[in-house]
Amino acid sequence: MKIYLLNLILLFGFTSGLGAQDNSTPAYPEENLTLSEVTAHIKFLASDELKGRGTGTPENDVAARYIAEQFRANGLKSPEGATDYFQSVALERRSPAFEAQLTLFSDTLKNEIDMVLLSGDAATVEAPVVYLGYGWQDSESGHDDYAGKDVTGKIVLAKLGMPGRRFGPSAFSASSTKREFAAKNGAVALIELYKGQFPWRGLVGFLSRDRLSIVEASDDSSGGQGIAHFLVNDPDSMYAAKADSVESSSAFLTTSGRPVESVSSRNVVGLIQGSDPEYRDEYVLLMAHYDHLGVRPSRNQADADSIFNGARDNGMGTVALISAAKALGAHPPKRSVLFLAVTGEEVGLLGSRYYVDNPIIPLNQIIFGLNTDTGGVDDSSVVTVVGLERTTAGEAIMAGCARYGLEAIPDPVPDQNLFNRSDNVAFVRKGVPAPTFSPGFREWGPGITNYYHRPQDEADENFNYGYLLNFSKAYAHAARLIADMEVRPLWREGDEYEAAAKELYGME
Ligand SMILES: [Zn+2]
């Protein structure tokens, strides 16, 4: 009853602005989106012919082309700074080492068994080892493990992580910076010691396979990547203890290096200019990643299929994005809208990070972002908005969903840390309020686990096309309501990203 009343109020409140209308005239173009068009989009994007849209594959390019041509067909502009709707994202692929061996404290360690070569060119080195704790330098806090140590021509040995961050993903994120420190200080190799929560075998499997990364455009273009960088399993801190007690020791290493090759992929960018001259310099970002996992052997031996079609992840979000482009293009809201289909999400959120580092529309003009991404649908009566309660756009998002009979609910599994696990995170770290609009789930149930990152995630008879249509309408309408808000949406007071927003937008 309460929901019914709310619907009625919202319907009245939000359609009255468009003037006289009758029941046969849809109030907004999103009403006209059809089951056949969203079905056609998802059938194409999740087809076997597109081979799972793996980043850097020709089929990933075909998907990008499809999205760009949908943008064109719906009257979106290609912004200055993009080339006919494309922003190229320069990537590099690091393949596994053919050969790598390391002798440390007289132990001969085998590659991908006792240790793993993370990066580096071919090398054969015998050099003294210098143990540096974390091997970390931070001018702000004054922490400097290199102080008073000469590591020129030597091998730096260090614990994985950094002060205060010994475990978890952030320990790994410090790794490439530590390699730079080692290279800048003249070291010939960096060995990190692993004592962590993730099982070593699984970690090695992950770290030793093909890996894509953004080509860093820093002055030191190598970013220290030329030096050999090893991760050694040290569950009992045996090597850390030896390093502390042994007066001097040298290590021997020989490696074929990890071959690096250039890979290109593209973000797809389109613009709709806002209808109100007073608001149109402000942009609402709509974003979905269009890449998926490509073709690979399934973890489950029983799966004969090796194509990870990615119908739900993130074919659904991509279709919602294309649908919003059509609906908002046909009747633009007050503010301008930036459409961004990003690549490289599944291999490390690369496309969104690239955009944030190379923005086409400056970040301080992007007042809000509505990302859409998913693992599946577990409850087709709701839309799960990760971050719903964190911004003042929450009501607009709820109203956009309610119009199509969907209830917008907040993240039911905050312990999964979903807010920081999709492309929105690149933007929120800079301060842009940017939740993720996801197909419905109240728990991480079978509607997700049966499909998430599995070959079964296909646009077949198990796929809910009707929900895709409703979801796409709701996404477009929520975006419209946000882009039409009188007062721009902000983070709720006290949010962890509020300070970043104040800095980005120059607000007091
Ligand atoms: Zn995804």
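Residues numbered from 1 in each chain as written. Predicted model: local features only at pLDDT ≥ 70, side-chain atom pairs only at ≥ 80, totals over all residues.

1. Quick word on the domain arrangement of the protein chain
Partitioning the protein chain into structural domains gives domain 1 (2-17 + 27-91 + 264-505) and domain 2 (96-258). One C-alpha centre belongs to domain 1, the other to domain 2; they are set 38 Å apart. Contacts between the two partners involve 10 residues from domain 1 and, on the opposite side, four residues from domain 2. The set of elements that each furnish at least two residues to the side of domain 1 that touches domain 2 consists of β1 (86-94) and α9 (350-357). (Domains from an automatic or database assignment. Contact = placed C-beta atoms within 7 Å. Helix = DSSP H or I, 4+ residues; strand = E, 2+ residues; numbered from the N terminus.)

2. Here's the deal with the environment of F368
You can see F368 is positioned in strand β18 (residues 366-372). For the pair F368 and S245, spaced 123 residues apart in sequence, the C-alpha to C-alpha distance is 54 Å. Beyond its immediate sequence surroundings of up to four residues, F368 is in contact with V284, L285, A393, V432, P433, A434, I482 and P489.

3. Considerations on the packing of helix α10 (residues 394-402) against helix α13 (residues 465-483)
Helix-helix packing is described using two parameters, namely the angle between the two axes and the distance between the axes. Across the interface, α10 lies against α13 with an axial gap of 8 Å and an inter-helix angle of 145°. Like other packed secondary-structure pairs, α10 and α13 cross with a definite hand, here right-handed. Within the contact between the two elements, α10 uses A396, I397, A399, G400 and C401 and α13 uses A474, H477, A478, L481 and I482. (Axes fitted to C-alpha atoms, helices over the stretch in contact; angles between N-to-C directions. Left-handed = near helix turned anticlockwise from the far one by under 90°.)

4. A word on the packing of helix α3 (residues 58-73) against helix α8 (residues 311-330)
One can describe the packing of α3 onto α8 by two numbers: an axis separation of 9 Å at closest approach and a directional angle of 20°. What the angle tells us is that α3 and α8 run roughly parallel. The way α3 lies across α8 gives a crossing that is right-handed. On α8, the residues that touch I67, Q70 and F71 of α3 are T318, I322 and A325. Of the residues belonging to the contact of α3 with α8, the class tally is four nonpolar, two polar and no charged. (Parallel < 35°, antiparallel > 145°, perpendicular 65-115°, else oblique. Nonpolar A, V, L, I, M, F, W, Y, C, P; charged D, E, K, R; others polar.)

5. Structural notes on the pairing of strand β17 (residues 336-342)
The element β17 is largely enclosed, with a buried count of seven among its seven residues. Summarising the sheet, strand β13 (residues 260-272) and β17 pair through five bridges and their orientation is antiparallel. When the sheet's bridge partners are listed, I272 is paired in β17 with V337. Pairing of strand β14 (residues 283-289) with β17, which is carried by seven bridges, proceeds in the parallel orientation. When the bridges of β17 are listed, L285 appears paired with L338. (Buried ≥ 20, exposed ≤ 12 C-beta atoms within 10 Å, placed from the backbone. Pairing = 2+ DSSP bridges.)

6. Structural notes on the sheet that holds strand β20 (residues 407-410)
With respect to topology, nine strands assemble into an open sheet ordered β10-β1-β13-β17-β14-β18-β21-β19-β20, the strand pairing being mixed. A strand with exactly one partner marks an edge of an open sheet, and here the two such strands are β10 (211-214) and β20. Within this sheet the neighbouring strands show an average axis-to-axis angle of 30°, counted without direction. The sheet contacts of α9 involve β1, β10, β13, β14 and β17, and relative to β1 the element is tilted by about 125°. Packed on one face of the sheet, α10 meets β19 (382-386) and β20 and runs near 140° to β20.

7. Quick word on the sheet that holds strand β12 (residues 250-255)
One open sheet holds the eight strands; their spatial order is β3-β2-β12-β5-β8-β9-β11-β4, and the pairing between them is mixed. At either end of the open sheet lies a strand with only one pairing partner, and these are β3 (107-110) and β4 (115-119). The sheet shows a mean angle of 25° between the axes of neighbouring strands, taken without regard to direction. Here strand β5 (residues 123-131) pairs with β12 via six bridges, running antiparallel. Looking at β12, one finds that T124 is bridged to T254.

8. Overview of the nonpolar core
In terms of nonpolar packing, the biggest core is built from 90 residues, with A478 and A479 touching the most fellow members. With 11 residues, the single largest contributor to this core is α13. Leave out the neighbours within four places in its chain, and A478 touches L370, A396, I397, G400, C401 and F437. One finds I155, A158, I191 and Y239 within the second-largest nonpolar core, a separate group that totals 42 residues. (Core = buried A, V, L, I, M, F, W, Y, C linked by C-beta atoms within 7 Å.)

9. Describing unusual backbone geometry
Omega for the bond connecting D313 with N314 falls within 30 degrees of zero, at -5°, which places this linkage in the cis form. Along the chain, the position of N314 falls in helix α8. The residue H453 is not glycine, and still its phi comes out positive at about 50°. With respect to the secondary-structure elements, H453 resides in the loop between α12 (446-449) and α13. Of the residues examined, H453 has 16 C-beta atoms within 10 Å and is grouped as partly exposed.

10. With respect to the pairing of strand β2 (residues 100-104)
The alternating pattern of β2 places A100, L102 and L104 on a buried face, while none of Q101 and T103, on the opposite face, is buried. With four bridges connecting them, β2 and β3 associate as antiparallel partners. Bridge pairing in β3 links Q101 to K110. Joining the antiparallel neighbours β2 and β3 is a turn of two residues, in which F105 adopts a positive phi near 50°.

11. Quick look at α10
Among the nine residues of α10, seven are classified as buried, and the element is accordingly described as predominantly covered. By the burial criterion, the buried members of α10 are A396, I397, M398, A399, G400, C401 and A402.

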